[in-house]
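For reference, the chains in residue letters:
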Amino acid sequence: QVQLVESGGGFVQPGESLRLSCAASGSDFSVGRMDWYRQAPGEPRERVAHITENGSRNYADSVKGRFTISRDNAKNTGYLDMNSLKPEDTAVYYCNFQVFHVSDFRFDEYWGQGIQVTVSS
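Remember, predicted model here, so these are calculated numbers, not experimental data.

In this structure the tally under the stated criterion is one disulfide. Between the sulfur atoms of Cys22 and its disulfide mate Cys95 the distance is 2.0 Å. One quick way to see it: the torsion about the S-S bond of Cys22 and Cys95 is about 55°, and its sign makes the bridge right-handed. A residue pair is termed long-range when its members are at least 10 positions apart, and Cys22 in strand E3 (residues 18-25) and Cys95 in strand E9 (residues 91-101) qualify at 73 residues. Residue class for Cys22 comes out buried when judged on its relative accessible area of 0%.

What follows is the structure in C-alpha cells.
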C-alpha cells in the first residue's frame, strides 16, 4: 500500500504564491506520472498539471504560465508551484500518482487527502 500526503496549502492574497507538495510513502514501489487536480465548490474536479516519469509537462489553459509542476524522484515527491494566484484558483487541490508495485508487477493509482487553497483579498 502507498500513501500520499499533501502539504503547503493555505490562505493567500491575489498575486501571491504557494508551493504544494505531495509525498508518497510505502514499500517496494516506484512512481510514474504525477498529476495535480483541483475542485472548487459546486464544480467538477479538473486536472491542472501533469508530469511524466521523464519530466514532460502539460497544464490546463487556466494555469499555464503561472503554475509549475515538478518532481523529485529520489524522494517520491511531487510539487506544484503556484504563482500570481487569483481568487478563481481557490479550490481543494489533490495529487494523483500512478504507482508501480514492484513485488507483484502491478500498476495502481493513489490520491492525496486534498488540501485547501484560498485566494482572497
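In spatial order, the strands read E1-E3-E8-E7; together these four strands make up an open sheet with antiparallel pairing. The open sheet has two free edges, formed respectively by strand E1 (3-7) and strand E7 (67-72), since each of these has just one partner strand. Strand after strand, the sheet turns through a mean of 15° between neighbouring axes, direction not considered.

With a phi angle near 55°, Asp28 is a residue other than glycine that sits in the positive phi range. Within the element layout of this structure, Asp28 appears in the loop between E3 and strand E4 (29-39). The exposed category is assigned to Asp28, whose relative accessible area is 52%. Unlike most non-glycine residues, Ser84 shows phi in positive territory, near 50°. Considering the arrangement of structural elements, one finds Ser84 in the loop between strand E8 (77-82) and E9.

Scanning the model with the defined rule gives 10 salt bridges in all. Among the salt bridges present, the one from Asp104 reaches Arg106, with a minimum N-O distance of 3.2 Å. According to the relative accessible area criterion, Arg106 is partly exposed, its value standing at 35%. Members of the salt-bridge network, linked through shared partners, are Arg33, Asp35, Arg47 and Glu109.

Right, let's get into the packing of aromatic side chains. Taken as a whole and judged by the stated rule, the model has four aromatic pairs. Ring centres of Phe100 and Phe107 lie 4.9 Å apart, and the angle between their planes is 50°; on these two criteria the pair is classed as tilted. Owing to a relative accessible area of 21%, Phe100 belongs among the partly exposed residues under this scheme. Its relative accessible area of 55% is what places Phe107 among the exposed residues. When the ring centre of Tyr79 is taken as reference, the NZ or CZ atom of Arg19 above it lies at 4.3 Å. Directly above the ring of Tyr94 sits Arg45, whose terminal nitrogen or CZ lies 3.8 Å from the centroid.

Conventions used here
- Residue indices follow the written sequence of each chain, beginning from 1 at its first position.
- Local features in a predicted model are, by the rule used here, given only for residues with pLDDT of at least 70; side-chain atom pairs are given and counted only at 80 or more, and totals for whole chains, interfaces and linings are based on all residues.
- Excluded from the side-chain calculation are hydrogens and water; included are all heavy atoms of the structure.
- Counting rule for disulfides: a pair of cysteine sulfur atoms within 2.5 Å.
- The way it works is that DSSP assigns letters per residue, a run of H or I at least four long becomes a helix, a run of E at least two long becomes a strand, and they are numbered from the N terminus.
- Only protein chains enter the area calculation, which uses a 1.4 Å probe; residues under 20% of their type maximum are buried, those over 50% are exposed, and those in between are partly exposed.
- For two strands to count as paired, DSSP must find a minimum of two bridges between them.
- Every axis in this analysis is a line fitted to C-alpha atoms, fitted for helices over the stretch in contact. Angles between the N-to-C directions lie between 0 and 180 degrees.
- The working definition used for a salt bridge is a side-chain nitrogen of Lys or Arg within 4 Å of a carboxyl oxygen of Asp or Glu.
- In this scheme Phe, Tyr and Trp rings, the latter by its six-membered ring, pair at centre separations within 6.5 Å, and the angle between planes marks the pair as stacked below 30 degrees, edge-to-face above 60, and tilted otherwise.
- As a reminder, the over-ring test applies to NZ of lysine and CZ of arginine, requiring each to be within 6 Å of the ring centre and within 35 degrees of the ring normal.

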